[in-house]
Amino acid sequence: MKIGMQQPVKIVVAHDLSDAIIELLRKEDLERPLIVIDKFLLEVPSVKKLLNTMEEKELEFLIYAKIIPDPPARIINEGAQKMQAFGADAVIAIGGGSSLDSAKGINIVASNGGQIEDYVQDEKLIKKTKVLISVPTTAGTGSELSNALVVTDEATNAKNAILSDKMISDYALLIPEMTISLPQRQTIASGLDAFSHAAEGYLSNLSSPVADAISEKIMFLLYNYLPGAVANGSQVELRERVMVAASLAGWILNQSGTIVAHSEAHILGSKYHFVHGEAVAYALPAVLKLVAPVKPQKVKEIGKILGASFNGQESTTEISEITIAAYKHFRDEMVGLHAFSDYGVSQAELVSHAEEIVQERFAGNTPVKLTKDNVTTLLEEFG
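Residues numbered from 1 in each chain as written. Predicted model: local features only at pLDDT ≥ 70, side-chain atom pairs only at ≥ 80, totals over all residues. Heavy atoms only, no water.

- Looking up the protein chain in an unreviewed UniProt entry gives the name Alcohol dehydrogenase, iron-dependent, with the organism given as Ligilactobacillus equi DPC 6820.
- What the UniProt record of the protein chain gives under Sequence similarities (unreviewed entry) is the line "Belongs to the iron-containing alcohol dehydrogenase family." (UniProt positions renumbered as here; feature names shortened; annotations may be inferred.)

Set out below in structure tokens:
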């Protein structure tokens, strides 16, 4: 029996980090958390207030701030050793997707032993974890609600995913004020990543009617509020709408997964260090074209959400062309993604990675059978 929708993470939308964290710690009777955080966030006033308040209330805590983008296994394993030695009874993750993913991995290893590489090989080894409170400072990865983490193998530069419902956050604490200082380029990339989570989940073999309704709302929210959040990032209401959409998109990752656009981003990102949210946005137009013959109504619905008009007589080719044009207008004109050519990597070079993409973990969710030939076409149209 396929479960249409489930969501065990308790979601809190608040406007004061310190008050919310203290309340959650009291609620769960926790006194000794490990705080996994991006180092630069230690200078943010709301984080300073949180740490001062915890000290005033005589809560013992340990800060682990060695997080780096695309977290490698060694960072997670070191953090787990620190957590075990400290005897933490909870993990508080504050930051972007790398911090939230690292916190999940640290929690897994500290709670179950071994090294994170063990769980890349066998996710069934995850038996238990400590309470995890995730506080995203970007609005895109959805890691605070998703059941996934990505860890980098430094020897091969491969990005390996671990999927398990046993590692998900106990609480997702959404504080839109914490995204106000997010640079414009990060706001763009993270927002487009969230849009891709929803669009790809909508088109996935794993989709369901209930999940599809959420995906449609996510795309609607991002179409209507992401451009404003990019243009005027100090508007808390806009930031809140985008943050809620991004978190819901993390939920969709658990229900419907992603398809080949994310496979392209995972493989190419590890090779060329493309910003992940930008990579999925460059990949999506060709993916819409690929799946339109088998999912024309869904591709059309995405176009409608993006403001496109249809007369009902369009061929599948015309549906994909109209929807792709609407998406590119949203992506490039309304939101302002920079051109792929800025990376200085040619599509001809990308083509050499077609076979790896066909074999990537999430590629099998694509509603079209992937081959080296059709993925080569996707890469020729990447951008």
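### Here we look at the packing of aromatic side chains
- Following the criterion strictly, the structure yields 13 aromatic pairs and no others.
- Where Phe340 meets Phe382, the ring centres are 5.1 Å apart and the plane angle is 80°; that geometry is what we call edge-to-face. Pair noted here: Phe340 is in the loop between α12 (316–335) and α13 (347–350) and Phe382 is in the segment after α15 (372–380), with a separation of 42 residues, a long-range link.
- Of the residues examined, Phe340 reaches a relative accessible area of 5% and is grouped as buried.
- Through a chain of ring-to-ring contacts, the aromatic side chains of Tyr272, Phe274, Tyr282, Phe340, Tyr343 and Phe382 assemble into a single cluster. (Phe/Tyr/Trp six-rings, centres within 6.5 Å; stacked < 30°, edge-to-face > 60°. Helix = DSSP H or I, 4+ residues; strand = E, 2+ residues; numbered from the N terminus. Buried < 20%, exposed > 50% of the residue type's maximum accessible area, 1.4 Å probe, protein only.)

### Looking at the nonpolar core
- Core analysis: the largest hydrophobic core is formed by 78 residues, its most contacted members being Leu192, Phe195, Phe274, Phe330, Leu350 and Phe382.
- Top contributing element to this core by residue count: helix α10 (residues 276–291), with 11 residues.
- Residue contributions to this core reach at least three from each of two domains, namely domain 1 (10–179) and domain 2 (184–381).
- Sequence-distant contacts of Phe195, that is, excluding residues within four places in its chain, are made with Met219, Leu222, Leu284, Leu306, Tyr327 and Phe330.
- Grouped together as the second largest cluster of nonpolar side chains are 28 residues, Leu24, Ile37, Leu59 and Ile175 included. (Core = buried A, V, L, I, M, F, W, Y, C linked by side-chain atoms within 4.5 Å. Domains from an automatic or database assignment. Contact = heavy atoms within 4.5 Å.)

### Some points on unusual backbone geometry
- A positive phi is found at Glu58, a non-glycine position, where the angle reads about 60°.
- With respect to the helices, strands and loops of the structure, Glu58 is situated in the loop between α2 (45–56) and β3 (62–64).

### Topic: the pattern of salt bridges
- The tally for this structure, following the rule as stated, stands at 12 salt bridges.
- The salt bridge involving Lys49 is made with Asp16; its shortest N-O contact spans 2.7 Å. Here the residue Lys49 occupies a position in helix α2, and Asp16 occupies one in the loop between β1 (10–13) and α1 (17–27), the gap between them amounting to 33 residues.
- Of the residues examined, Lys49 reaches a relative accessible area of 39% and is grouped as partly exposed.
- Between Arg361 and Glu123 there is a salt bridge, with the nearest N and O atoms lying 2.8 Å from each other. Of the two residues, Arg361 sits in the loop between α14 (354–359) and α15 while Glu123 sits in the loop between α5 (116–121) and β5 (131–136), which places them 238 residues apart along the sequence. (Salt bridge = Lys/Arg side-chain N within 4 Å of Asp/Glu carboxyl O.)

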